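# Report on the structure
Residues per chain are reported as follows:
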Amino acid sequence: MKMISKRTIATALDSSVRPVAALCAAAILSIGTVAEAQPPGPPGETFEVVTFVEGLRNPWSMAFLPNGDMLVTERGGQLRIVRDGKLLPDPVPGVPPVRALGQGGLQDVVLHPDFESNRLIYLSYAKPGEDPMQGTTALSRARFENDRLVDVEEIFEAEAWNDRPGHFGARIAFDDEGHLFMSVGDRMAGLTQQGMDPDLEGHPSQDLSSHQGSIVRLNDDGSVPEDNPFVGREGALPEIWSYGHRNPQGLAFHPETGVLWSTEHGPQGGDELNVIRKGANYGWPVIGYGANYGSGTNFHRGREMQGMEQPAAFWVPSIGISGLAFYQGDQFPNWRGNAFLGGMSGNYQRLVRVSLNGETVIGREPLLVGEYRIRDVRVGPDGYVYLAIDNIFGQPSPILRLEPTDEE
Ligand SMILES: [Ca+2]
């Protein structure tokens with residue numbers, strides 16, 4: 001089945017980047033309306049949307065194996081294999097038990113950089129406690145041999161336990177030196193029926209003795225690298241690389257600059273694209289561009305504060321920001337070095353192409369607006385762009401692939 005989508009020009013406006021917003025602070029006080037237009041940036045590409053494979057349940061992440069197979073996580077707890085364009089009927093045995101509830105379950109799957117020699121893969125998931133209502137974010141590694149997992153070993157369990165159903169983070173990315181980065185969400189801390197708990201400074205995302213709202217950095221066996229920023233600091237967890245996050249749902253290294261970027265799911269308003277720096281505080285919930293759900297009332301101390309990072313871009317209203325990938329490959333030359341991220345939220349469903357000049361966002365082109373609930377974006381070794389599509393009711397959904405077209 002081929003679904004044709006031709007696009008050369010953006011058909012909808014994407015909201016603002018920070019430098020523009022800083023000049024127009026009044027505009028973003030009106031949460032719930034599109035604040036500013038962001039031009040689509042340098043020329044894009046025409047493409048068609050092709051169904052790569054169908055029949056997945058809440059696919060969360062994809063990984064490409066050297067033999068051409070794809071591994072796909074389903075949030076309910078199954079790891080699936082796509083071979084020759086077909087979804088194999090049997091899930092991969094050996095996946096650890098997951099707490100499949102709300103936003104949590106089986107989440108990311110990433111290959112070790114030396115997978116071809118060591119066959120190691122990494123899985124992140126919502127881990128159930130002895131009390132099954134309790135959950136946290138955990139990470140296991142295993143060897144993937146003959147379509148099954150062997151030597152499964154949990155190598156990290158986040159200090160992020162509670163009974164909330166969401167904000168697990170759980171995106172994984174490897175750097176070039178064999179360090180593994182993983183996001184841990186804030187586990188919905190401070191979120192009450194009346195809005196955010198006003199003790200913003202006391203929120204676990206601002207507390208280095210909790211992994212909630214952090215990005216951790218580990219060696220490939222789960223041990224702590226000696227040069228992590230908070231090693232040796234009393235009261236701080238040594239795995240933490242950056243903190244003050246809410247729920248980072250995308251994590252990727254730029255292939256040319258080696259810089260780590262993250263997408264972060266904000267509250268009502270205030271989804272973010274961030275450059276991740278060692279030891280930095282990203283501000284949640286003290287600062288931000290969001291508001292309380294429903295009422296839209298402000299709860300932040302402000303938009304900016306000394307010692308807290310500003311996002312490279314933010315979205316008001318929130319698009320339900322999801323997975324992140326940087327384009328490299330030969331199929332779409334104009335897209336090289338661009339970031340691609342998904343939006344899952346209702347009318348804001350989209351794929352966004354973000355053009356960069358170094359760490360500055362110079363354009364945002366909304367694509368596939370209103371068409372798909374995109375959970376994850378990956379660039380295949382074949383240079384095609386793959387999209388994992390979520391169905392909010394858990395009905396079967398596809399993985400789509402963007403292919404170039406010459407049509408004008
Ligand atoms: Ca922030």
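Residues numbered from 1 in each chain as written. Predicted model: local features only at pLDDT ≥ 70, side-chain atom pairs only at ≥ 80, totals over all residues.

To continue, consider the overall build of the protein. Each helix and strand in the protein was counted, giving three helices and 27 strands. By the compact-globule yardstick of 22 Å for 408 residues, the protein fits well, its C-alpha radius of gyration being 20 Å. Expressed as lengths along the three principal axes of its C-alpha atoms, the size of the protein is roughly 55 × 55 × 40 Å. For the protein, the residues scored as buried account for 50% of the 408 residues in total. (Helix = DSSP H or I, 4+ residues; strand = E, 2+ residues; numbered from the N terminus. Rg over C-alpha atoms; globule rule 2.2 N^0.38 Å. Buried ≥ 20, exposed ≤ 12 C-beta atoms within 10 Å, placed from the backbone.)

With respect to the helices and strands, the residue N338 is situated in the loop between β21 (321-326) and β22 (339-343). Judged by C-beta crowding, with 22 C-beta atoms within 10 Å, N338 ranks as buried. Along the sequence, N338 and R353 sit 15 residues apart, while their C-alpha atoms lie 6.5 Å from each other. For N338, the residues in contact, after removing those within four places along its chain, are Y327, R353, V354 and S355. (Contact = placed C-beta atoms within 7 Å.)

Turning next to the sheet that holds β22. The strand order across the open sheet built from four strands is β21-β22-β23-β24, with neighbouring strands paired in antiparallel fashion. The two strands at the open ends of the sheet, each matched to only one other strand, are β21 and β24 (360-367). Averaged over neighbouring strand pairs, the angle between their axes works out to 25° when direction is ignored. Relative to strand β23 (residues 350-357), β22 runs antiparallel, the two being bridged by five bridges. Counted as the bridge partner of A339 is V354 from β23. (Pairing = 2+ DSSP bridges. Axes fitted to C-alpha atoms, helices over the stretch in contact; angles between N-to-C directions.)

Turning to the pairing of strand β10 (residues 148-157), a few remarks are in order. Where strand β9 (residues 135-145) meets β10, seven bridges bridge the pair, whose relative direction is antiparallel. The residue bridging S140 from the neighbouring strand is E154, located in β10. Where β9 folds back onto β10 in an antiparallel hairpin, the turn is made up of two residues, including N146, whose phi is positive at roughly 50°.

Grouped together as the largest cluster of nonpolar side chains are 90 residues, with contacts concentrated most on L341, V377, L387 and I399. Excluding residues within four positions of it along the chain, I399 makes contact with F52, V53, L56, P59, M62, V72, Y386, L387, A388 and I389. (Core = buried A, V, L, I, M, F, W, Y, C linked by C-beta atoms within 7 Å.)

Turning to the confidence of the model for the protein, a few remarks are in order. For the protein, per-residue confidence averages 91 on the pLDDT scale, and residues scoring 70 or more make up 90% of the total. Low confidence marks residues 1-37, where pLDDT is under 50. Its contacts with residues over four positions away, or in another chain, come to 63 contacts. (pLDDT = per-residue confidence, 0-100.)

A cis amide bond links W284 to the next residue, P285, at an omega of -10°. Structurally, the position occupied by P285 is in the loop between β19 (271-275) and β20 (313-315). Its identity is not glycine, yet N58 carries a phi of approximately 50°, on the positive side. On the secondary structure map, N58 appears in the loop between β2 (47-57) and β3 (59-64).

Our focus in this paragraph is the sheet that holds strand β12 (residues 180-184). A sheet is described by the order of its strands in space; here four strands give the open sequence β11-β12-β15-β16, paired in antiparallel fashion. Edge positions in the sheet fall to β11 (172-174) and β16 (240-243), since each of these pairs with one other strand and no more. Shown here is a sheet whose adjacent strand axes are inclined to one another by a mean of 20°, direction ignored. Across three bridges, the pairing between β11 and β12 is antiparallel.

Attention shifts here to the environment of R246. Mapped onto the elements, R246 comes out in the loop between β16 and β17 (248-253). We classify R246 as buried; it has 28 C-beta atoms within 10 Å. Distance from R246 to G320, taken between C-alpha atoms, is 13 Å for residues 74 residues apart in sequence. In contact with R246, other than residues within four places in its own chain, are H167, G185, D186, S205, G213, E264, H265, G266 and W284.

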